[in-house]
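The primary structure of each chain is shown beneath.
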Amino acid sequence: MPLLELRNVTKSFTSKTQTPFVVLEHITMAVDKGDFVCIVGPSGCGKSTLLRIICGLIPPTDGQVLYKGTEVKGVCEEMAMVFQSFALFPWLTVLENVELGLYSKKISQEDKRRKALKMIEMIGLKGFEEAYPRELSGGMKQRVGLARALVSEPTVLLMDEPFSSLDPLTATHLREELVDFWLNPDMAPDTVIMVTHSVEEAVYLANRVIVLSHRPGTIIKEVPVDLPRPRDPRSDKLYALVDQITSLIA
Amino acid sequence: MLVSSSRVTLRVSKRINIVKLGFYAMQPQVEGLLNEALLLLSNLSYSLLRQFAALILSYLFAIPYGIVAARSRRAESVMLPILDILQSVPILGFFPVAVLFFITILGGSRLGVELAAIFLIFTSQAWNLAFSTYESVSAIPNELLEASRAFRLGRIGRIMKLYLPSCVPKLVYNGMMSWAGGWYFLVAAEIITIGSEEYKVPGIGSYIAEATYSGNLSHALLGLGALIFSVVIVDLLLWAPLRDYAERFKYEAFAAQEVRQPTLYQRSLKWLEKRLKRPSLPTARLRSLEKTKEIISLVYTPLPKLKTYLKLIHILCIFLISLLAALVILLHQYETGVKSVSEFIGSLKEPQFLKELSLLPQALLASIARLGLAYVASLAWTLPLAAWLAWRGAAVFSLLGVLASIPATALFPLIINVTMHLPYGLFLTSIILTMTGMQWYLLFNLIGGFRSIPSDIIEAARSFGLRGLSLWRRVMLPGVMPALITGSITGWGGGWNALIVSEYINYGGETYTVLGLGSMLDRAAYELGNLTLLLIILATMTSTIVLMNRVIWRRAYHYTLDRYRFE
């Protein structure tokens, strides 16, 4: 049984003036434990919506999302999300923001603090516990976003274009660290689902790239990426895959 | 030796005696001074206590109201129209109704007037703060809302970690403005109650008024000084730290804007502009034209866009408010001895009532004419001054700031004291008093408007040889037009309020009135005690304001914004 399964998921939005328009249509896919899946597609194809449906933030209009065989209704406790614009609470410190990831966990306040401090150290933000988000650079902010998602040790990490608002150098560093976290068996996450508009990024990171079509978004193709790790972002094999996927979208 | 020394002793003791004598002679004066100081302090504390009570009540009302309206679409469709109506009612018009209402309920004790005064300040603050909360919660970025759900904060968590913090900047800013506006209305309320012995409440407003009317100018000035002092102190001790605290709760886009405005002077200017906007009007929060447009469209345009069922809700609200008013009337009539419906209808046929009612159309026209005159007069001095001040230094602004922070109503007794002796004294006085409610809104909006004209446009115009009148006609006036309209909207709002204190003047133990809705309102409340009449006048006034806003100002606003905006 796959860890996560989407069966025939369709999403349409109804607006007052126009006829309902379909964002996603008949999405059927499965994600196994240990997968690193990237979803790519042209802008407006509904990839971010798909991620929110998986997370349980938005209910699908039709179809089902199954987690370990049971239907997901509402926000799933085993998943955590990293946002494109970081979504840090500006009035909370780094520590308080990370603790927010444990808000609904039934553990003592001391345990929450201890876990959050440990996470902050692992993500490389030691010394910034009491800083406010506005005092941090973009890369550091996304580190806080990542720490907040990982502190609850989720099985599945959902990422919505997490590196697209960062400068290229910072993004490269964070990508490498993300892969390290994912490869580390002692650390969350085991499974990552990431939405991105950068095909290079998808091929560099993923085990499997899922390519969505233009609106309404449907799955055009699933491309397995069997390149050995650590990967060279400039290798010919990688670029051959990038070209193949790009030609599917364009 | 001995003799001389004893002489010295004698002289010294004589001197001491003289000093002592002088002291004893002074003692009654010292005692009087002390008593006066105590009286002043207690009056000031009364006013301050009312202010604080009203502010806390306003927050307690506004925060839940705003959050619910922002988070539930169904609630929003009912709650926003209600707010819209409530803030169209002239605040000082509420006061007589509130006095009669609370006195009816509490049986004529001073507590009734006290509650009415607090309620008055409440009405000047609560609607505006509720709008602030609504706007803040509505403006929370979508990803933050999603994050709060993704991390399962739950209802309480979302309120504590997201909704409340997001409201802090606007609630502090508007709370500060409301506080300044509250002074205006509180002092007005205290002065109004001086006219009738039974409704009198102690306070800094009544202190200044009484001192002036009894010819004790030094005491009046002392009272004014104490008032200004407390305005400054409360700002330093309460609002200044809160302003700093609120910085943390802004989203980063706002923070970046702050950084771009580094000087204290610019910030204090911005702060000044803010606090001068009338709190009860939605335009109070304008920071830039864009923002203005947003708010205006938020508050003034929902009606045409609303579906029919929403219009029904709007009508239902008016109906409910009228029903409430009718209930109050019945309660009041019951209390004053009219027991049956036929008797109540009979009371409507009283000659006094009918006579007042027949005055209504004339009074309405007279009031509009008075407002028009005051508007033109205000414009005549604020327009050139604003153009001159717009590019001047900080010193002028801080002086203006102090002037503007004095609640204009506190100056009324002093103004009246001077202007009543002039030829056409009564006419002039009523116009000048009305102007005090209008002019600051105009001045500060105009200054902001002139400053928003890009300097390269002025330079370009100059390079083409435009100067003097043609520069004004082609660049300055069009450039300042949107600000002029918003200033006019707030200014007229303030003017309607001022009418209630400017058409009905207590001076030297006599009451002078000029024909107008304001004076009719006061007469109905304090001379006739006729609640039915009072509500009819209030309804006339409110509908006139709503009508003028919708027919004249909103159109003018959209027209100027379309034509004269700098992209």
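Predicted model, so just to flag it, every value in this text is computed and none were measured.

J.: When you look at the overall build of chain B in this model, what are you seeing that I'm missing?
T.: When its secondary structure is counted, chain B shows 22 helices and two strands. The 567 residues of chain B split such that 54% are buried. Considering only intrachain contacts with a sequence separation of at least 6, the fraction spanning at least 24 residues in chain B is 78%. For chain B, the exposed surface amounts to about 26,200 Å²; the carbon and sulfur share of it is 69%.

J.: What is the right way to read the overall build of chain A from this model?
T.: The secondary structure content of chain A amounts to seven helices and 10 strands. The C-alpha atoms of chain A give a radius of gyration of 18 Å, which matches the 18 Å a tight globule of 250 residues would have. If one aligns the C-alpha atoms of chain A with their principal axes, the spans along those axes are about 50 × 45 × 40 Å. The buried share among the 250 residues of chain A stands at 53%.

J.: It is not clear to me how the sheet that holds strand E5 (residues 70-71) of chain A should be interpreted in this structure. Could you clarify?
T.: Note: strands within a sheet are paired through backbone hydrogen bonds, in either parallel or antiparallel orientation. Residue and element names in this part refer to chain A. Spatial ordering of the open sheet is given by E2-E1-E4-E5, a layout of four strands whose pairing is antiparallel. Bordering the open sheet on either side are strand E2 (21-31) and E5, each of which pairs with just one other strand. Where strand E1 (residues 4-13) meets strand E4 (residues 62-67), five bridges bridge the pair, whose relative direction is antiparallel. The residue bridging Glu5 from the neighbouring strand is Leu66, located in E4.

J.: When you look at the packing of helix H3 (residues 91-106) of chain B against helix H20 (residues 468-502) of chain B in this model, what are you seeing that I'm missing?
T.: Each packed pair of helices is defined by two parameters, the angle between the axes and the distance between the axes. Residues and elements named next belong to chain B. With their axes 7 Å apart at the nearest point, H3 and H20 run at an angle of 45° to one another. Judged by the angle between their axes, H3 and H20 are oblique. For the pair H3 and H20, contact is made by Ile91, Leu92 and Gly93 and by Asn497, Ile500 and Val501, respectively. Residue classes in the contact of H3 with H20 are distributed as four nonpolar, two polar and no charged.

J.: Would you mind showing me how to read the sheet that holds strand E6 (residues 79-82) of chain A here?
T.: Residues and elements named next belong to chain A. Taken in spatial order, the six strands make up an open sheet running E6-E7-E8-E3-E9-E10, and their pairing is mixed. The open sheet is flanked by E6 and strand E10 (219-224), the only strands paired with a single partner. Geometrically, the sheet is characterised by an average inter-axis angle of 15° between neighbouring strands, direction not taken into account. Note: strand E3 (residues 36-40) against strand E8 (residues 191-195), four bridges, orientation parallel. Each bridged residue has a counterpart across the sheet, and for Val37 the counterpart in E8 is Ile193. Across the sheet, helix H5 (residues 168-183) lies against E3, strand E7 (156-160) and E8, angled at about 150° from E8, the strand it touches most.

J.: Any chance you could explain helix H15 (residues 351-389) of chain B here in plain terms?
T.: In an α-helix, one turn spans 3.6 residues; hence positions three or four apart end up facing the same way. For H15(B), built from 39 residues, the straight-helix expectation of 57 Å at 1.5 Å per residue is met to within 8% by its first-to-last C-alpha distance of 54 Å. Along its length, H15(B) shows its largest kink, about 40°, at Leu360(B), and proline Pro361(B) lies within four residues downstream of that point.

J.: Looking at this structure, how should I read the state of the cysteines?
T.: The term disulfide refers to a covalent linkage connecting the sulfur atoms of a pair of cysteines. Residues and elements named next belong to chain A. If you walk through the whole model with that rule in mind, you get zero disulfides over all chains. Just so you know, Cys45 is unpaired, no disulfide at all, and the nearest cysteine sulfur is the one on Cys38, 13 Å from it. Relative accessible area serves as the criterion here: at 1%, Cys45 is assigned to the buried category.

J.: Can you walk me through the interface of chain A and chain B in this structure?
T.: Many structure descriptions define interface size as the accessible area lost when the parts assemble. Between chain A and chain B, the contact holds 31 residues from the first and 23 residues from the second. Counting the surface chain A buries against chain B, the share from its top three residues, Trp91(A), Tyr103(A) and Arg134(A), is 32%. If you look at where chain A meets chain B, you find two salt bridges. Across the chain A-chain B interface, the total number found is seven residue pairs in polar contact (both at pLDDT 80 or more).

J.: Teacher, can you tell me more about the pairing of E1(A) here?
T.: Note on strand geometry: in a regular strand, side chains alternate between the two faces of the sheet. In terms of strand pairing, E1(A) meets E2(A) through seven bridges, oriented antiparallel. In the strand pairing of E2(A), Leu4(A) is matched with Val31(A).

J.: Just to check I follow, could you spell out the pattern of salt bridges for this structure?
T.: In the structure shown here, the tally under the stated rule is 16 salt bridges over all chains. Salt-bridge contacts for Glu143(B) lead to Arg52(A); the nearest nitrogen and oxygen are separated by 3.8 Å. Taken as a pair, Glu143(B) in helix H5 (residues 142-150) and Arg52(A) in helix H1 (residues 47-55) lie in two separate chains rather than in one. Here Glu143(B) falls in the buried class, since its relative accessible area comes to 13%. Between Glu135(B) and Lys170(B) there is a salt bridge, and its shortest N-O distance comes to 3.8 Å. Here Glu135(B), found in helix H4 (residues 110-138), pairs with Lys170(B), found in helix H6 (residues 154-194); they are 35 residues apart in sequence, far enough to count as distant. Exposure remark for Glu135(B): the relative accessible area of 11% places this residue in the buried category. A network of salt bridges, in which partner residues are shared, links Arg52(A), Asp160(A), Glu143(B) and Glu146(B).

J.: Would you take a moment to explain unusual backbone geometry for this structure?
T.: In most cases, non-glycine residues show a negative phi, while peptide bonds are predominantly trans. Residue and element names in this part refer to chain A. In this model, Arg215 is joined to Pro216 through a cis peptide bond whose omega is -5°. Tracing the backbone shows Pro216 in the loop between strand E9 (208-212) and E10. In this structure, Pro230 follows Arg229 across a cis peptide bond, with omega equal to 0°. With respect to the helices and strands, the residue Pro230 is situated in the loop between E10 and helix H7 (236-249). Even without glycine at this site, Asn8 takes up a positive phi of about 55°. In this fold, Asn8 is placed in strand E1. Since its relative accessible area comes to 36%, Asn8 is described here as partly exposed. Its identity as a non-glycine residue notwithstanding, His26 has a phi of 50°, on the positive side. Relative to the helices and strands, His26 resides in strand E2.

J.: Please explain the packing of aromatic side chains as it appears in this structure.
T.: Any two aromatic rings considered together are summarised by their centre-to-centre distance and by the angle between their planes. This structure, assessed with the given rule, holds 14 aromatic pairs over all chains. Residues Phe36(A) and Trp182(A) carry aromatic rings whose centres are separated by 5.3 Å and whose planes lie at 85° to one another, so their mutual orientation is edge-to-face. With Phe36(A) in strand E3 and Trp182(A) in helix H5, the pair connects residues that are 146 residues apart, well separated along the chain. Residue class for Phe36(A) comes out buried when judged on its relative accessible area of 0%. Classification of Trp182(A) as buried rests on a relative accessible area of 10%. Ring geometry for Phe89(A) and Trp91(A): centres 6.2 Å apart, planes at 85°, overall edge-to-face. Considered together, Phe89(A) and Trp91(A) belong to a single accessibility category, that of buried residues. Three or more aromatic residues link up through ring pairs in this structure, and these residues are Phe61(B), Tyr65(B), Phe119(B), Phe122(B) and Trp127(B). When the ring centre of Phe13(A) is taken as reference, the NZ or CZ atom of Lys11(A) above it lies at 5.3 Å.

J.: Would you explain H3(B) in this entry?
T.: Residue and element names in this part refer to chain B. In this model, H3 (16 residues) spans 22 Å end to end at C-alpha, consistent with the 22 Å of a helix rising 1.5 Å per residue. At Val97, H3 is bent by approximately 25°, the largest bend along its length. In terms of residue burial, H3 counts as a mostly covered element, since 13 of its 16 residues are buried.

J.: Looking at this model, I keep getting lost on a nonpolar patch on the surface. Mind explaining?
T.: Residue and element names in this part refer to chain B. Taken together, Leu373, Leu422, Tyr424, Phe427 and Leu428 make up a surface patch of nonpolar side chains, about 530 Å² in accessible area. With respect to the helices and strands, Leu422 occurs in the loop between helix H17 (408-419) and helix H18 (425-452). The exposure class of Leu422 is partly exposed, given its relative accessible area of 40%.

J.: Got a minute to help me understand the pairing of E9(A) in this structure?
T.: All names here are of chain A. Among the five residues in E9, five count as buried, and that is most of the element. Side chains Arg208, Ile210 and Leu212 project from E9 onto one buried face, and the interleaved Val209 and Val211 project onto a second face that is buried too. Examined bridge by bridge, E3 and E9 share four bridges and lie parallel to one another. Within the sheet, the bridge partner assigned to Val40 lies in E9 and is Val211. The pairing of E9 with E10 spans five bridges and is antiparallel. In the sheet register, Ile210 faces E10, and the bridge partner there is Glu222. Between E9 and E10, which pair antiparallel one after the other, the connecting turn spans six residues.

So, how was this worked out
- Residues numbered from 1 in each chain as written.
- Chains lettered and ligands numbered in written order.
- Predicted model: local features only at pLDDT ≥ 70, side-chain atom pairs only at ≥ 80, totals over all residues.
- Heavy atoms only, no water.
- Helix = DSSP H or I, 4+ residues; strand = E, 2+ residues; numbered from the N terminus.
- Buried < 20%, exposed > 50% of the residue type's maximum accessible area, 1.4 Å probe, protein only.
- Contact = heavy atoms within 4.5 Å.
- Areas by Shrake-Rupley, 256 points an atom, 1.4 Å probe, with all protein chains shown as cover.
- Rg over C-alpha atoms; globule rule 2.2 N^0.38 Å.
- Pairing = 2+ DSSP bridges.
- Axes fitted to C-alpha atoms, helices over the stretch in contact; angles between N-to-C directions.
- Parallel < 35°, antiparallel > 145°, perpendicular 65-115°, else oblique.
- Nonpolar A, V, L, I, M, F, W, Y, C, P; charged D, E, K, R; others polar.
- Expected span 1.5 Å × (residues − 1).
- Bend = angle between axes of the 7 residues up to and from the residue.
- Disulfide = S-S within 2.5 Å.
- Buried area = accessible area lost by both parts, 1.4 Å probe.
- Salt bridge = Lys/Arg side-chain N within 4 Å of Asp/Glu carboxyl O.
- Polar contact = N/O pair within 3.5 Å; in protein donor to acceptor, adjacent residues only side chain to side chain.
- Phe/Tyr/Trp six-rings, centres within 6.5 Å; stacked < 30°, edge-to-face > 60°.
- Lys NZ or Arg CZ within 6 Å of the ring centre and 35° of its normal.
- Patch = residues over 30% accessible without salt bridge, like charges linked within 9 Å, V, L, I, M, F, W, Y side chains within 5 Å.

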